[in-house]
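The primary structure of each chain is shown beneath.
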Amino acid sequence: MRTYGALAHVGDAWVIGALEPHAIIRLKALFPQIPIAAGPPFKFRDTPERAADLAWFLHRYPLAASASDIGRLAGAVEKHAAAQDAMEMILRADYTPPPLVGLREGMEIRPYQAQAIALLEASGGLLVGDEVGLGKTFITAGACLSPGALPAIVVYHAHLQRQWCEVIERFTTLRAHPVKGTRPYGMPACDVMVFRYSQIAGWADVIGWMGVGLVAFDEVQDLRRGEETEKGRAARRLADHAVRRLGLSATPIYNYGAEIWNVMRFLNAAALGGFDEFGREWGFGVIRDPKALGTYLRDSHVFIRRTKADVGQQMPPVNRIVDTIDYDRVEMASIDDLARDLAHRATTGEFIQRGAATRMLDLRVRHATGVAKAKSVATIARILVEGGTPIVLVGWHRDVYDIWLSELAHLKPALYTGSETAAGKNASRDAFVNGQTNLLIMSLRSGAGLDGLQYRASTMVFGELDWSPGVHHQCIGRLDREGQKEPVTAIFLVCEDGSDPPMMEVLGLKAAQASAIVDPSLGVQRVAADGEGLKRLVRRYLDGKGAASPTPTLERAA
């Protein structure tokens, strides 16, 4: 039989040595992660999936190889096929999961939740991207009951410690321990250790000898910057010590699609290969074909996502209203000179100076925008609440909260922001849910994972924006979840000056990237992609803002 080159297993990789030119062209077409200008030898990761790909190539272009290497390749292909078959069986509609021992009386795992648990057992690393409100916390608690899962670790947002421990101990017979502090101490007898993200760096050195069975990263998008942060480095060490790794997030991508590479490194490091390999195949920042990437992650069984409709929860779509409101022109004009100076430096300074100027421009303009429209936002909030509508009012800056608190003091608002202690947040949540107040002021990034608000409110007002559409989706998910009896309305209050116009424009691109990867069946919204949204803000002040006169629409919002 004619051969077109040579294949050998060297170290931890498959290596294709000499290869005929036309076969090289086909190899690069099949494996886009190979640099276009690269020549032999070509190295491939030694994984069952990659072995299956190579075997596929060898059917068309046979390569010379030793008998032992042919046997190794065939064994890897067989292993890959068996694993795929097993996971496909789990995802079938008629799949019957094995019973979980350790559920409390009256508790049950829903079939779609049991599928995720079984898929985690089979794959070893899984990202669960189920829509907000479908019980990812219960999937985690159930996964802790799987054979070999204990001791387990849950890493969470600081303000959700009580919620996590309550769910685990109410749903299962397991004992959960809320870890205190960043310094290791004698751990009491427990099955599940519940850590804040800010604590794991201090415990990273001792976690290895604990013999961790399962580690679950709640709101895993917090690790989207990868190992460039101390938190990320500690999380990676924790993941390396665990037998199974579970990531939870309805919004695993907050900004651009390439964040998914960092996220998957903590759950299944082999799923997307090295960063250069991933970048060549999919894109280094903006993903070239996010729909294809989302489909690939599903087909690889490292990502699973179900919507409410998928599991039979028929909820009406969220009613999103974008309303233009009035603003304080004096406040906005007060930063014009500084903003133009920063915009100029952002385009003419040295590299480091440009970055610093751009970040400062963003901070100052977003702050001024929030303050300038704060009283108008408060007016709409007051109209809604005095009309009998409990609302969650979302913002970001402390100065903005202070204006809202002053303007709305008679409504006795509760605060759930980044400044309160965990106990303070819990008290505010309870006051709102129990009807002691009809107004909860919540930070854009403090509400992820929070449960219970859906029993009290169906209206959310965004008084400030975030660059990431994932943040908005997480906030809305506090209301749009199981237990909600009314259609959810999300009102975005924007003005025609400051940071709102460029943010609204950029959010379209980010939403397109995220939705196509997370939900490939939805397709992609076609938006011009420059990959650097803050440049729009810079250009706005260099070119002149050109704001038109706003048209207040308080009546429609009310």
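Remember, predicted model here, so these are calculated numbers, not experimental data.

**A word on the environment of Pro41**
As for its position among the elements, Pro41 is in the loop between helix H1 (21–30) and strand E3 (42–45). Exposure remark for Pro41: the relative accessible area of 54% places this residue in the exposed category. Sequence separation between Pro41 and Leu7 is 34 residues; the distance between their C-alpha atoms is 9.6 Å. Apart from the residues lying within four places of it in its own chain, the contact partners of Pro41 are Val15, Ile16 and Gly17.

**A few points about the side chain of Thr47**
By the element assignment, Thr47 lies in the loop between E3 and helix H2 (48–60). The exposure class of Thr47 is buried, given its relative accessible area of 16%. Within the structure, the side chain of Thr47 is placed 3.1 Å from the backbone nitrogen of Arg50, a separation counted as a polar contact.

**A word on helix H15 (residues 374–386)**
Compared with the 18 Å implied by 1.5 Å per residue over 13 residues, the 18 Å span of H15 between its first and last C-alpha is a close match. Of all the residues in H15, the buried ones are Ala374, Ser376, Val377, Ala378, Ile380, Ala381, Leu384 and Val385. One or two positions beyond H15, positive phi appears at Gly388, with a value near 95 degrees.

**Regarding the sheet that holds strand E4 (residues 125–128)**
Strand order in this open sheet of 7 strands is E6-E7-E5-E8-E9-E4-E10, and the pairing throughout is parallel. The open sheet has two edge strands with one neighbour each: strand E6 (176–178) and strand E10 (303–304). Relative to strand E7 (residues 192–196), E6 is paired through 3 bridges, and the arrangement is parallel. Paired with Ala176 across the bridge in E7 is Val192. Contacting strand E5 (152–156), strand E8 (214–218) and strand E9 (244–248), helix H8 (residues 230–241) crosses the sheet at an angle of about 145 degrees to E8.

**A few points about the sheet that holds strand E12 (residues 391–395)**
Pairing in this open sheet of 6 strands is parallel, and the strands run E11-E16-E15-E12-E14-E13 from one edge to the other. Two strands close off the open sheet at either side, each with one partner strand: strand E11 (319–324) and strand E13 (414–416). Pairs of neighbouring strands in the sheet enclose a mean axial angle of 20 degrees, with direction left out of account. As paired elements, strand E15 (residues 459–462) and strand E16 (residues 489–494) share 4 bridges and run parallel to each other. Paired with Thr459 across the two strands is Thr489, which belongs to E16. Across the face of the sheet, helix H18 (residues 469–477) comes into contact with E11, E12, strand E14 (439–443), E15 and E16 while running at roughly 150 degrees to E15.

**Brief notes about the packing of aromatic side chains**
Each aromatic ring pair is summarised here by two numbers: the centre-to-centre distance and the angle between the ring planes. Counting across every chain of the model gives 12 aromatic pairs. On the numbers, 5.1 Å between centres and 70 degrees between planes, the contact of Trp261 with Phe275 is edge-to-face. Here Phe275 lies in helix H10 (residues 275–282) and Trp261 lies in helix H9 (residues 259–265), a separation of 14 residues in the sequence. Overall, the relative accessible area of 12% leaves Trp261 in the buried class. Judged by its relative accessible area of 34%, Phe275 is partly exposed.

**Let's talk about the pattern of salt bridges**
Enumeration over the complete set of coordinates arrives at 21 salt bridges. A salt bridge links Arg224 to Glu259; its shortest N-O distance comes to 4.0 Å. Here Arg224, found in the loop between E8 and H8, pairs with Glu259, found in helix H9; they are 35 residues apart in sequence, far enough to count as distant. We note that Arg224, like Glu259, is buried. Between Asp500 and Lys373 there is a salt bridge, and its shortest N-O distance comes to 2.7 Å. You can see Asp500 sitting in helix H19 (residues 500–518) and its partner Lys373 sitting in the loop between helix H14 (351–372) and H15, a full 127 residues away along the chain. Taken individually, Asp500 and Lys373 each receive the classification buried, so the pair is uniform in this respect. Three or more residues are tied together by salt bridges with common partners; here these are Arg45, Arg50, Asp53 and Glu277.

**Considerations on the nonpolar core**
In terms of nonpolar packing, the biggest core is built from 59 residues, with Ile168, Met442, Met460 and Phe462 touching the most fellow members. Top element by residues in this core is helix H4 (residues 111–123). It accounts for 5 residues. Aside from chain neighbours lying at most four places away, what touches Ile168 is Ala141, Val154, Leu174, Ala176, Val192 and Val194. Counting residues in each nonpolar core, the second largest holds 42 residues, with Leu127, Ala235, Trp261 and Val518 among its members.

Criteria and cut-off values
Residues numbered from 1 in each chain as written. Predicted model: local features only at pLDDT ≥ 70, side-chain atom pairs only at ≥ 80, totals over all residues. Heavy atoms only, no water. Helix = DSSP H or I, 4+ residues; strand = E, 2+ residues; numbered from the N terminus. Buried < 20%, exposed > 50% of the residue type's maximum accessible area, 1.4 Å probe, protein only. Contact = heavy atoms within 4.5 Å. Polar contact = N/O pair within 3.5 Å; in protein donor to acceptor, adjacent residues only side chain to side chain. Expected span 1.5 Å × (residues − 1). Pairing = 2+ DSSP bridges. Axes fitted to C-alpha atoms, helices over the stretch in contact; angles between N-to-C directions. Phe/Tyr/Trp six-rings, centres within 6.5 Å; stacked < 30°, edge-to-face > 60°. Salt bridge = Lys/Arg side-chain N within 4 Å of Asp/Glu carboxyl O. Core = buried A, V, L, I, M, F, W, Y, C linked by side-chain atoms within 4.5 Å.

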